[in-house]
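Structural overview
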Amino acid sequence: RHHSSAVEERVSSSVEEGEEQQSSKVFLLPSDATSSALAKAYRSLAFQTLADQVKSSVRSHPGNEWMFNLSKVEEQPLRWARELLGKDERNGSRRPRSGSALLEKTPVRMDLSHSCWSDIFFLGMDYPEAARVINCSVDLAVQKAVGEGGGGGGEGGNGGDEGEESVRPTPPIECRLQLTTANPGTIRLTSVDLKSSVLLTHVSQVFNYGADYLGLLKAGLVASGIVPSGLEKSCEVEDISIKDLLSIMMPTTNTIQSNDDNNNAC
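The rules behind each value
- Residues numbered from 1 in each chain as written.
- Predicted model: local features only at pLDDT ≥ 70, side-chain atom pairs only at ≥ 80, totals over all residues.
- Heavy atoms only, no water.
- Helix = DSSP H or I, 4+ residues; strand = E, 2+ residues; numbered from the N terminus.
- Buried < 20%, exposed > 50% of the residue type's maximum accessible area, 1.4 Å probe, protein only.
- Contact = heavy atoms within 4.5 Å.
- Areas by Shrake-Rupley, 256 points an atom, 1.4 Å probe, with all protein chains shown as cover.
- Lys, Arg positive; Asp, Glu negative; His and termini not counted.
- Salt bridge = Lys/Arg side-chain N within 4 Å of Asp/Glu carboxyl O.
- Core = buried A, V, L, I, M, F, W, Y, C linked by side-chain atoms within 4.5 Å.
- Pairing = 2+ DSSP bridges.
- Patch = residues over 30% accessible without salt bridge, like charges linked within 9 Å, V, L, I, M, F, W, Y side chains within 5 Å.
- Polar contact = N/O pair within 3.5 Å; in protein donor to acceptor, adjacent residues only side chain to side chain.

Let us look at the overall build of the chain. Secondary structure summary: the chain contains ten helices and eight strands in total. Residues classed as buried in the chain amount to 23% of the 266 residues present. A separation of at least 24 residues holds for 61% of the contacts in the chain among residues at least 6 apart in sequence. Here the chain has roughly 19100 Å² of accessible surface; of this, 53% comes from carbon and sulfur atoms.

In this section: the side chain of arginine 79. The topology assignment puts arginine 79 in the loop between α3 (65-69) and β1 (85-87). It turns out arginine 79 is buried and unbridged, and the closest side chain with the opposite charge, glutamate 74, is 10.0 Å from it.

Val203, Leu221 and Val227 are the most contacted members of the largest nonpolar core, which has 29 residues in total. Of all the secondary-structure elements, those providing two or more residues to this core are β7 (187-191), β8 (196-200), α6 (203-206), α7 (215-224), α8 (231-237) and α9 (242-249). The greatest single-element share of this core, amounting to four residues, is contributed by α9. Leaving out residues up to four positions away in the same chain, valine 227 has contacts with Val203, Val206, Phe207, Leu221, Val222 and Leu245.

Moving on: the pattern of salt bridges. With the rule as written, the count across this model stands at three salt bridges. For the salt bridge of lysine 105 with glutamate 174, the shortest nitrogen-to-oxygen distance reads 3.8 Å. Of this pair, lysine 105 sits in strand β3 (residues 102-106) while glutamate 174 sits in strand β6 (residues 173-177); the two residues are 69 residues apart in sequence, bridging distant segments of the chain. For lysine 105, a relative accessible area of 43% gives the class partly exposed. Connected through shared salt-bridge partners, Lys105, Glu174 and Arg176 make up one network.

Turning our eyes to something else, we now look at the pairing of β8. Here β8 shows a clear split, with Ser196, Val198 and Leu200 buried on one side and none of Ser197 and Leu199 buried on the other. Looking at chain direction, β7 and β8 are connected through five bridges and run antiparallel. Each residue of the ladder has a partner; that of serine 191, found in β8, is serine 196. Hairpin geometry of β7 and β8 is characterised by an intervening segment of four residues between the two adjacent antiparallel strands and by a positive phi of about 50° at lysine 195.

Here the focus is the environment of glycine 86. Along the chain, glycine 86 turns up in strand β1. Between the alpha carbons of glycine 86 and serine 100 there is a distance of 9.3 Å; along the sequence they are 14 residues apart.

A cluster of nonpolar residues, Leu38, Tyr42 and Leu45, forms a patch on the protein surface that exposes about 340 Å² of accessible area. Mapped onto the secondary structure, leucine 38 falls in helix α2 (residues 32-59).

Quick look at the side chain of glutamine 76 now. When you line up the elements, glutamine 76 lands in the loop between α3 and β1. A polar contact is formed between the side chain of glutamine 76 and the backbone oxygen of isoleucine 226, at a distance of 3.3 Å. The residues touching glutamine 76, leaving out its near neighbours within four places in the chain, are Trp66, Leu70, Gly225, Ile226, Pro228, Leu245, Ile248 and Met249.

Geometric descriptors of this kind do not, in isolation, establish any biological role.
This is how it looks when you write it as structure tokens:
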């Protein structure tokens, strides 16, 4: 019994000492400079992770291997479609056709249910079994408010055929590609919704997705093959001018005639 009480006193004493030591601990928070550096590092890591996942997604699609094997602009197989080009009457060379543009329209995705954003690209690529979502692609019909504009056209107020056309569902997302003579040797990316625009002069700028709000448009240039992913590594040695890349994609008369027989036209 005497031994037991001595052990209890010793245990009680050690517990009290431990509580005193724990209460005397001081937790130091990182300084503003350290916090800022960590934030910048994690932001860069997030964009690099996104870039790596985009590459993995594009590379895995059949027929896209050439984008990653290409290392020189001279190896670019794509040429601008002849519908986007006109003919210079002075020397017969090809040049951008005024007013011509490639227009792509697509529906917008609407989520009916999702797993707390687990379907976004970051998580969906790393943990696809958790990215369970019910969604659909929808067109939108934008209708005028009552009393706004026109409103005539019969008892129903539909304005006849013209009124029916204005409320017909259409794909809300539009992307235009146009060749122009303004700022030659460059690529200008513009987002109407974000009211943002950037002028690209070198290939390395395309792969800097986090430099502005137009990272998604830059990813589109890479995924479409206009700026192949393989050129990113080449830019680490020496940056490549956008002008050099675009000039390679300008077809000669012979390549324009042969575009009907191959799939190399943009």
